[in-house]
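# Architecture at a glance
Listed below, chain by chain, are the residues.
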Amino acid sequence: MDAEALDELAGQLQGEAAGQLQGEALGGRGLLQLAATTGLAAYAVWAAVLMPGFRRVPLHLQVPYVPSSAQQVADVMGLLRGRTGKTADLGSGDGRLVIEAYKQGLRPAVGYELNPWLLWLARYRARRAGCEGKVSFLKQDLWKKPPLAAKLLAELPDEARVVAGRFPFPSWTPSSTIGQGLEQAWAYDMKEVRRAARSCTEGCAL
């Protein structure tokens, strides 16, 4: 199955996946159920593209790969409207958010993805969009790092904004949010996140 066919198939499956995944965070069993209900084509995508990277993720941290819809891409870009500078997409999948961020002037735009097949697909999409050499996709295993929220809190500057799609940070209070269900995205301004963390620490100390 070539990249163009995978791209088309992912789009076809997205609507079906949305109904299965609405409001849920699925592990391996849920994904197998999804494959069963959406037919052999879903299994082909799972077996050929997703499983090689997914099986290396700790079970309690597994979340499904579902391509961002056009609405979710628009929502994420809306939460970043008016901002400039570098954009990094952690778990960039097929690269569509990174490509759109570059087109919207958020540069450099970099995607980090564990699955080599999705990296290949993202680079193919970038070439097709005329962004080859202008965006970057790097293979990075986030699960070997410290917990992501703690890492971002320790390393990002106060002016940074973190946008999470579908899966919010449970211990952070968002600065703003947009969309509903699978289309929902949350924005976290690091200055506010740090202020809340300090308040909690001081309150606990008292």
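Where an unreviewed UniProt entry is consulted, the chain appears under the name Adenine nucleotide translocase lysine methyltransferase, with the organism given as Chrysolophus pictus.

### Structural notes on the overall build of the chain
Each helix and strand counted, the chain has 8 helices and 6 strands in total. Taken from the N to the C terminus, the helices and strands of the chain come in the order α-α-α-α-β-α-β-α-β-α-β-β-β-α. Relative to its full complement of 206 residues, the chain shows a buried share of 42%. Considering only contacts in the chain between residues 6 or more positions apart, those separated by 24 or more positions represent 62%. Within the structure as shown, the chain displays about 11500 Å² of accessible surface, and the carbon and sulfur contribution to it stands at 55%.

### Digging into the pattern of salt bridges
Scanning all chains against the criterion turns up 4 salt bridges. In this structure, Glu155 engages Lys151 in a salt bridge whose closest nitrogen and oxygen atoms are separated by 2.7 Å. On the criterion of helical spacing, the pair formed by Glu155 and Lys151 is a turn pair, its members being 4 residues apart in helix α7 (residues 148-155). Given the relative accessible area of 55%, Glu155 is considered exposed. Note that Arg194 is salt-bridged to Asp158, the shortest N-O span being 2.8 Å. Of this pair, Arg194 sits in helix α8 (residues 190-205) while Asp158 is found in the loop between α7 and β4 (161-165), placing the two residues 36 residues apart along the sequence.

### A look at the side chain of Asp75
Of note, Asp75 is situated in helix α4 (residues 70-79). For the buried Asp75, which has no salt bridge, the nearest side chain bearing the opposite charge is Arg81, at an N-O separation of 8.0 Å. Setting aside residues up to four positions removed in sequence, Asp75 forms contacts with Ile178, Gly179 and Glu183.

### Examining the nonpolar core
In this structure, Ala149, Leu152, Ala160, Val162, Ala164, Phe169, Trp172, Trp186, Tyr188, Met190 and Val193 together form the largest nonpolar core, which totals 11 residues. Taken together, the elements giving at least two residues each to this core come down to α7, β4, β6 (185-189) and α8.

### A word on the side chain of Asp89
In this structure, Asp89 sits in strand β1 (residues 87-90). Within the buried set, Asp89 has no salt-bridge partner at all; the shortest N-O distance to an opposite charge, 9.0 Å, is to Arg96. Once residues within four sequence positions are removed from consideration, Asp89 is found in contact with Leu97, Val98, Val110, Gly111 and Tyr112.

Definitions and cut-offs
Positions within a chain are numbered from 1, following the residues in the order the chain's sequence is written. Per-residue local features of the predicted model are confined to residues with pLDDT of at least 70, and side-chain atom pairs are confined, for both listing and counting, to 80 or more; whole-chain, interface and lining totals are unaffected and use all residues. Where side-chain values are given, they derive from all heavy atoms of the structure, hydrogens and water being excluded. Labels follow the DSSP assignment, with helices taken as runs of H or I lasting at least four residues and strands as runs of E lasting at least two, numbered in each case from the N terminus. Only protein chains enter the accessibility calculation, which uses a 1.4 Å probe. A residue is then buried if its area is under 20% of the maximum for its type, exposed if over 50%, and partly exposed in between. Any two residues whose heavy atoms approach within 4.5 Å are treated as being in contact. For the accessible areas, the method is Shrake-Rupley and the probe is 1.4 Å, while residue cover comes only from the protein chains on display. Criterion for a salt bridge: a side-chain nitrogen of Lys or Arg within 4 Å of a carboxyl oxygen of Asp or Glu. Charged residues are defined here as Lys and Arg on the positive side and Asp and Glu on the negative side; His and the ends of the chain fall outside this count. In plain words, nonpolar cores are sets of buried Ala, Val, Leu, Ile, Met, Phe, Trp, Tyr and Cys residues tied together by side-chain atoms within 4.5 Å.

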